[in-house]
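If you want the building blocks of each chain, they are given just below.
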Amino acid sequence: MTETIVRSPKLDEKTSFYQVYGTGIPNVDSLTFDRFSRWWNRSKVQGDLPNLWRVATVDEQVVGIAINSVLESLGWGAIWELVVDREWRNQGIGTSLVLESEQALLKQNPNLTHFVVGVKVHNPRSIPFVERLGYGIQSLVLRLDGDVPHRLEEQELNVNIARLDDIPTLLHLVPDTYWGHRDHKTLEYSIRGGNCYVMREQSSNMVVGFVRFEYDPDLVDTTIISFSYRQGYGISVIEATLEEVATRRAIFWVQDKHEEILDYLYAEDFQRAEAEFVARKRVRHLL
Ligand SMILES: CC(C)(COP(=O)(O)OP(=O)(O)OC[C@H]1O[C@@H](n2cnc3c(N)ncnc32)[C@H](O)[C@@H]1OP(=O)(O)O)[C@@H](O)C(=O)NCCC(=O)NCCS
């Protein structure tokens, strides 16, 4: 059998990395080369690219890729994207990429408690694949898309542009998804990028919500929304958010533990566009 080598990507492998990544669609997120480039460049600067991203190569040709990062505040090592080029599947390369990614994540942060992989629900073949590697499905993350309802109701919350000195308070809020805003670094990155708002209760001035709006040139007239909220204020934060949105459509990613928010969005005619299982595995030395 030809020898497969799993290693860090080289800087001149950006295009071949992206090409192999593309063979994973629809089981990985569809990314324009521009967005992928930004992810690659940011990871290069932060050190994730050499330390955590991996390629599988045969005779120096890229045949598989893994995009990984550490979620410091949770103690989790995340395998965000995993693809083996079609012609090279079922030869153990995907397994090697997962095992090597776990090693790299643990080397980066020996205090990790878990590894995590997202598996799209339309991708049932990968469920036994990750289970065989010791992962267990623990929750579901849903992408809900819909038209923005505008009711012009009296708002209970004041909405202001987020500032860096809000961060210590924002760290106490509950994010929409496991990858959502929960550490200083990601909040700072988002706030510096703009389109972030803080919500305060009018009577007490207490911070009860944080939202970030993003726009994708491929999604016309659409706002992609991420949010965090103080327990008990979820619906008020979502209502205030929808009042702020200037586009016709909105997209939310929401973990299944936010039942009230899912219930609210479904009642507002939002529809599931995608969903993925969160599969998690405890780090071995903790077993
Ligand atoms: C999921 C994916 C990465 C797996 O990669 P792979 O290289 O085919 O993975 P492996 O070869 O290690 O394992 C795949 C299967 O081949 C079998 N296999 C492993 N080693 C083998 C070998 N040496 N010879 C033959 N079969 C082998 C395994 O039993 C496994 O079976 P299973 O699917 O029933 O678990 C690949 O199918 C892919 O890129 N899919 C599209 C993108 C995707 O779904 N990504 C999300 C992953 S969570």
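Check the entry above for the structure.
These notes cover the structure that comes with them. Here the residue numbering is sequential within each chain, running from 1 through the sequence in written order. In keeping with the model being predicted, local features are shown solely for residues with a pLDDT of at least 70 and side-chain atom pairs are shown and tallied solely at 80 or more, while totals for entire chains, interfaces and linings include all residues. Excluding hydrogens and water, the side-chain figures rest on all heavy atoms present in the structure.

## Comments concerning the site of the ligand
- Here a residue is near a molecule or strand as soon as one of its heavy atoms is found within 4 Å of it. Residues in close proximity to the ligand total 18 residues, the closest being Val84, Asn90, Gly92, Gly94 and Thr95.
- In protein, a polar contact means a hydrogen-donor-capable atom and an acceptor-capable atom, both N or O and within 3.5 Å, with residues adjacent in sequence counting only if both atoms are side-chain atoms; elsewhere, any N or O pair within 3.5 Å suffices. Between an oxygen atom of the ligand and a side-chain N or O atom of Arg89, the distance comes to 3.3 Å.
- Taking Asn90, its main chain carries an N or O atom lying 2.8 Å from an oxygen atom of the ligand.
- Coverage of the ligand by the protein amounts to 74% of the 920 Å² it exposes when considered alone.
- Secondary structure is summarised from DSSP: a helix means a run of H or I of at least four residues, a strand means a run of E of at least two, and numbering begins at the N terminus for each. Contributing elements (two or more residues each) for the shell around the ligand: strand E4 (76–84), helix H4 (93–108) and helix H5 (126–132). For accessible areas, the Shrake-Rupley method is used with a probe of radius 1.4 Å. Any residue's cover is judged against the shown protein chains and nothing else.

## Here we look at the packing of helix H1 (residues 14–22) against helix H2 (residues 33–46)
- Closest axis-to-axis distance for the H1/H2 pair is 11 Å, and the angle between their directions is 120°. It follows from the interaxial angle that H1 and H2 lie oblique. Both H1 and H2 take part in a crossing whose hand is right-handed. Listed contacts from H2 to Lys14, Thr15, Phe17 and Tyr18 of H1 are Phe33, Phe36, Ser37, Trp40 and Asn41.
- Charged means Asp, Glu, Lys or Arg here, nonpolar means Ala, Val, Leu, Ile, Met, Phe, Trp, Tyr, Cys or Pro, and polar covers whatever is left, Gly included. Of the residues that constitute the contact of H1 with H2, the class distribution is 5 nonpolar, 3 polar and 1 charged. Axis geometry follows a simple rule: fit a line to the C-alpha atoms, using only the stretch in contact for helices, then measure angles between N-to-C directions, giving values from 0 to 180 degrees. Should an angle lie under 35 degrees it is considered roughly parallel, over 145 roughly antiparallel, and from 65 to 115 roughly perpendicular; all remaining angles are considered oblique. Left-handed describes a crossing whose near helix is turned anticlockwise from the far helix by less than a right angle; the clockwise case is right-handed. By definition in these notes, contact holds between two residues if any of their heavy atoms fall within 4.5 Å.

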